[in-house]
Amino acid sequence: MSNEELSSKVEEALSKLESGELSFSKLDSFLGNPNLAALVRRLFLERKYNVRLTSIASTVIDFVGVVGHNIENPIGAAQIPLGVVGPLKVQGDYARGEFYVPMATTEGALVAGVNRGVKAVTMSGGARSKVLYDGMTRAPIIWTPSVVEAQSLASWIKGNIGALREEVKKVTRHGELVDVQTYIVGNILWPRFVFRTGDAMGMNIATIASDLLCSYIDEHYKGEHRCLSVSGNLCSDKKPSSINRLLGRGKYVVSEAIVKGDVLRDLMRTTPESVDFINKSKNLLGNAVAGSPSFNGHVANIIAAIFIATGQDVAQVVESSMAYTWTEVRGNDLYISVTLPSLEVGTVGGGTWLPTQREALELLGVAGGGNPPGVNALKLAEIVAAVALAGELNLLASQVTGELAKAHERLGRGRG
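Calculation rules
- Residues numbered from 1 in each chain as written.
- Predicted model: local features only at pLDDT ≥ 70, side-chain atom pairs only at ≥ 80, totals over all residues.
- Heavy atoms only, no water.
- Axes fitted to C-alpha atoms, helices over the stretch in contact; angles between N-to-C directions.
- Helix = DSSP H or I, 4+ residues; strand = E, 2+ residues; numbered from the N terminus.
- Parallel < 35°, antiparallel > 145°, perpendicular 65-115°, else oblique.
- Contact = heavy atoms within 4.5 Å.
- Nonpolar A, V, L, I, M, F, W, Y, C, P; charged D, E, K, R; others polar.
- Polar contact = N/O pair within 3.5 Å; in protein donor to acceptor, adjacent residues only side chain to side chain.
- Disulfide = S-S within 2.5 Å.
- Buried < 20%, exposed > 50% of the residue type's maximum accessible area, 1.4 Å probe, protein only.
- Patch = residues over 30% accessible without salt bridge, like charges linked within 9 Å, V, L, I, M, F, W, Y side chains within 5 Å.
- Areas by Shrake-Rupley, 256 points an atom, 1.4 Å probe, with all protein chains shown as cover.
- Salt bridge = Lys/Arg side-chain N within 4 Å of Asp/Glu carboxyl O.
- Left-handed = near helix turned anticlockwise from the far one by under 90°.

(A) Representation of the packing of helix α12 (residues 299–310) against helix α14 (residues 355–364) in the model. Look at α12 against α14: their axes get within 7 Å of each other, and the N-to-C directions meet at 110°. Regarding the angle of α12 to α14, the classification is roughly perpendicular. Of the residues in α14, those in contact with Ile-308, Ala-309 and Thr-310 of α12 are Thr-356, Gln-357, Ala-360, Leu-361 and Leu-364. Classifying every residue of the contact of α12 with α14 by side-chain character gives five nonpolar, three polar and no charged.

(B) Looking closely at the side chain of Ser-294. Checked against the element boundaries, Ser-294 lands in the loop between α11 (272–290) and α12. Only 3.3 Å separates the side chain of Ser-294 from the side chain of Asn-296, close enough to count as a polar contact. Those residues in contact with Ser-294 that lie beyond four places of it in its chain are Asn-287, Ser-321, Met-322 and Ala-323.

(C) Region of the structure containing the state of the cysteines. Here the structure, examined in full by the defined rule, presents zero disulfides. Residue Cys-214 stays outside any disulfide, its sulfur separated by 3.1 Å from that of Cys-227, the closest cysteine. On the basis of relative accessibility, which here comes to 7%, the residue Cys-214 falls in the buried class. Unpaired in this structure, Cys-235 has its nearest cysteine sulfur neighbour in Cys-214, at a distance of 11 Å.

(D) The arrangement of a nonpolar patch on the surface in detail. Among the surface-exposed residues, Val-84, Tyr-100 and Leu-363 lie close enough to one another that they form a single nonpolar patch of about 280 Å² accessible area. Within the secondary structure, Tyr-100 sits in strand β2 (residues 96–104).

(E) Focus on the packing of helix α7 (residues 161–168) against helix α8 (residues 203–220). Running from N to C, α7 and α8 cross one another at 130°; their axes reach a closest spacing of 9 Å. Taken together, the axes of α7 and α8 are oblique relative to one another. As for the relative orientation of α7 and α8, their crossing is right-handed in sense. Between α7 and α8, the contacting residues are Ala-163, Leu-164, Glu-167 and Val-168 on the first element and Ala-209, Leu-212, Leu-213 and Tyr-216 on the second.

No statement about biological role is implied by the geometric values presented.
And the structure:
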């Protein structure tokens, strides 16, 4: 198509948008090119509201392939500053060595603060990380006429788990049904299916497989029942929940370190006793009084920044940042751990293949599928937990010494 023909096509599309003959969602098929459609949407908005969207237009993303997978009605991209912390020494079952970890954030002082924690952990020998559980869940909600029927169906599901596992193989090469937990309230049943999903975070795999399992139950279970929804919120996705805190969802991962007393004194100008006391009075007692579902300082800061940088599902920061920060004085040193019972991360699928996010994953050595499948996602989980540990250590130390407000005044305050 010549430039003149292209210009004519753009003007035609703009005219149809303005008259209401064409909607944003139909532009891709009308123009036959998602990149051109993004341009037309942007031009339409610029004309309609007399604004300039030049920064939104600046992107390395090719919308061919992205539309239909990651976004609808695109007009460009949002850019967030990307920093790095490191080197962070991690001793895990999958993550071994020193890592520079990318973090995308708009909060001044966050990267600098986490980096100070990273330095203290690495100078003390590094963080030890371990994934204790790996399973993505989906829990359909099923109506039955009575508790007797609900219990009968629950027993049938557990007794037929072998057949259900074979069904799952029909829709995924990497997904595997590993367990089913059944819950009954009155006459309502939730089978909470647990899947191993390889290097994918796994929510799509779990949803598609659970939908198939509902169909299998409908076809083969003869008692009266009705599947109301493929998700009955006992999964539980994109919300804090006690079930995820206790049983885990995604990766249940712990990272711990022994931070040397002289490192705390020389680098952070505090002591093990002071950090331990502020953690237990603030993160444990304070959060308990507040009724918080988790006991930590700012783990969500670290999780969100790494999620954005590496293409994770940002909405799952909600459950992924539920965490427990624990400390003990060990002689002259400080023991510190962060436990993340519901860290939902992957290295394939979703936003992990977008160009910026792919490079961030490559920086960590976890891009794409691992060999064997699953090891890259487990490695990423161990690294994320270690960074969360470093972030908690620094926040506690800075609050003990009164440096938190000063750091935000110096690095995070907006300038008019």
